Amino acid sequence: MAIASAVVCVPLFKRYAERTSKRHAYRVSMLAAAIAFPLLAVAGTLPGIPANAQILVVGALIGAPIGAHYLFPVTLTADVIDDDSIQTQQRREATYLGASSFVERTATSLAPLVIVLLRLFGDTRGHTLGVRLAGPVGGALIFAGYLLFRAYDVPDEVRGRVAPEAVVPPAAVVAPEPSG
């Protein structure tokens, strides 16, 4: 359900970004995710509503902003790279992409540790606190990311970026004419 919701919402976030800006659309998606993820804590516990229906609805609500998290980070990084090339007159794409990859891989490496720590609070049918805390903890982490991202102010279209220098092939080595 979350994947289907993410796929459906990607074009909506794209249009929203065209009407506002990529950074604004990404900020909205981060706030939406920070609000939606904690709903996992109560999914399946509300009386009078089938648990499966509750889980499907929460899955759809969580999936909607996830689509934006696949859409915007790479394009926003490209804008930062272009803006930096204007400021410094240098091409440092590898530095930015390496840093981005490092942060992503570090977060991916830490996620299992967080899950294991949460499971210490309970992961059985009779003791579900650890599992139920996963959503609120995820929401808190996304909200922390939102707070950091508020400082991002690079425009969507960066004018005057430094173009790659034309590559001039080395002069062909001409063999001396045989004398004779």
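Above this note sits the structure.
Computed from a predicted structure; not experimentally measured.

Procedures and definitions
- Residues numbered from 1 in each chain as written.
- Predicted model: local features only at pLDDT ≥ 70, side-chain atom pairs only at ≥ 80, totals over all residues.
- Heavy atoms only, no water.
- Helix = DSSP H or I, 4+ residues; strand = E, 2+ residues; numbered from the N terminus.
- Buried < 20%, exposed > 50% of the residue type's maximum accessible area, 1.4 Å probe, protein only.
- Contact = heavy atoms within 4.5 Å.
- Areas by Shrake-Rupley, 256 points an atom, 1.4 Å probe, with all protein chains shown as cover.
- Salt bridge = Lys/Arg side-chain N within 4 Å of Asp/Glu carboxyl O.
- Phe/Tyr/Trp six-rings, centres within 6.5 Å; stacked < 30°, edge-to-face > 60°.

Draft legend 1. Structural context of the overall build of the protein. Check the secondary structure of the protein and you find five helices and zero strands. Along the protein, helices (α) and strands (β) appear in the sequence α-α-α-α-α when read from the amino end. Expressed as a percentage of its 180 residues, the buried residues of the protein come to 27%. In the protein, of all internal contacts separated by at least 6 residues, the share reaching a separation of at least 24 is 73%. Counting only carbon and sulfur atoms, one obtains 68% of the accessible surface of the protein, whose full area is about 12300 Å².

Draft legend 2. Expanded view of the pattern of salt bridges. Scanning the model with the defined rule gives five salt bridges in all. A salt bridge links Glu 93 to Arg 91; its shortest N-O distance comes to 2.4 Å. Residue Arg 91 is classed as partly exposed on the basis of its relative accessible area, which comes to 40%.

Draft legend 3. Focus on the packing of aromatic side chains. One pass over the structure, following the stated rule, counts four aromatic pairs. When the ring of Tyr 26 is compared with that of Phe 149, the centres are 5.1 Å apart and the planes differ by 85°; the resulting orientation is edge-to-face. Here Tyr 26 is found in helix α2 (residues 22-36), whereas its partner Phe 149 is found in helix α5 (residues 129-149), with 123 residues between them in sequence. For Tyr 26, a relative accessible area of 12% gives the class buried. With a centroid separation of 5.0 Å and an interplanar angle of 15°, the aromatic rings of Phe 149 and Tyr 152 are classed as stacked. With a relative accessible area of 13%, Tyr 152 lands in the buried category. In this structure an aromatic cluster arises from ring pairing among Tyr 26, Phe 72, Phe 149 and Tyr 152.

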